[in-house]
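In case you want the letters, here they are:
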Amino acid sequence: MKTKPTLGIALIATILFEIIVMFLVYNKIGGHNVPTQIIRLALQMTLFLILFKKSSKITRYILTVYHVMVAIPLLQNTSSLQGISLYILIYHIILTVMIFFSVNIDWWLFKNRQ
């Protein structure tokens, strides 16, 4: 995590966000959707861990495309973007930028200052 702090921040944000969403979904509609969310979290964590071990453009693109594809349906209903939907959209946009430009962000914020 020391060599790729931007990805570390994105991983922590992903874990926290997905756990919060799991609890909200469980409280709202029950437990039948939780296994799907656990699979999503496990897949994202696996991709992040691959990025920590080896810098892979393909893995970075997969994670970026995932967050874009989740955000696109939220953008189509801009009139209903209130409350949690707006926060989910902002979260996915921020993570898309953080993951896609993580190498540049790390260099600009951390390596450039040393």
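For the structure, see preceding data.
Residues numbered from 1 in each chain as written. Predicted model: local features only at pLDDT ≥ 70, side-chain atom pairs only at ≥ 80, totals over all residues. Heavy atoms only, no water.

## Some thoughts on the packing of helix α2 (residues 34-53) against helix α3 (residues 57-76)
Between α2 and α3, the shortest axis-to-axis distance is 9 Å and the interhelical angle comes to 145 degrees. Pair α2 / α3 crosses with left-handed handedness. On α3, the residues that touch Arg 40, Gln 44, Leu 47, Phe 48, Ile 50 and Leu 51 of α2 are Thr 59, Arg 60, Ile 62, Leu 63, Tyr 66 and His 67. When the residues that make up the contact of α2 with α3 are grouped by side-chain class, the tally is seven nonpolar, three polar and two charged. (Axes fitted to C-alpha atoms, helices over the stretch in contact; angles between N-to-C directions. Helix = DSSP H or I, 4+ residues; strand = E, 2+ residues; numbered from the N terminus. Left-handed = near helix turned anticlockwise from the far one by under 90°. Contact = heavy atoms within 4.5 Å. Nonpolar A, V, L, I, M, F, W, Y, C, P; charged D, E, K, R; others polar.)

## So, helix α1 (residues 5-29)
If you check α1, its first and last C-alpha atoms are 36 Å apart, about what 25 residues at 1.5 Å a residue would give, namely 36 Å. The inward-facing, buried residues of α1 abut α2, α3, α4 (84-100) and α5 (102-111). The first or second residue beyond α1 is Gly 30, which carries a positive phi of 105 degrees. (Expected span 1.5 Å × (residues − 1).)

## Considering a nonpolar patch on the surface
The grouping of Ile 12, Leu 16, Ile 20, Leu 24 and Ile 84 at the surface amounts to a nonpolar patch, some 470 Å² of accessible area in total. For the nonpolar patch, the element with the most residues is α1, which contributes four residues. (Patch = residues over 30% accessible without salt bridge, like charges linked within 9 Å, V, L, I, M, F, W, Y side chains within 5 Å. Areas by Shrake-Rupley, 256 points an atom, 1.4 Å probe, with all protein chains shown as cover. Salt bridge = Lys/Arg side-chain N within 4 Å of Asp/Glu carboxyl O.)

## Description of the environment of Leu 47
Structurally, the position occupied by Leu 47 is in helix α2. Each C-alpha atom, one on Leu 47 and one on Leu 11, is 9.8 Å from the other, the two residues being 36 residues apart in sequence. Leave out the neighbours within four places in its chain, and Leu 47 touches Thr 59, Ile 62 and Leu 63.

## As for the pattern of salt bridges
Taken as a whole and judged by the stated rule, the model has one salt bridge. Between Arg 40 and Glu 18 there is a salt bridge; the shortest N-O distance is 3.0 Å. Of this pair, Arg 40 sits in helix α2 while Glu 18 sits in helix α1, and the two are 22 residues apart along the sequence. Residue classification places Glu 18 among the buried positions, given a relative accessible area of 0%. (Buried < 20%, exposed > 50% of the residue type's maximum accessible area, 1.4 Å probe, protein only.)

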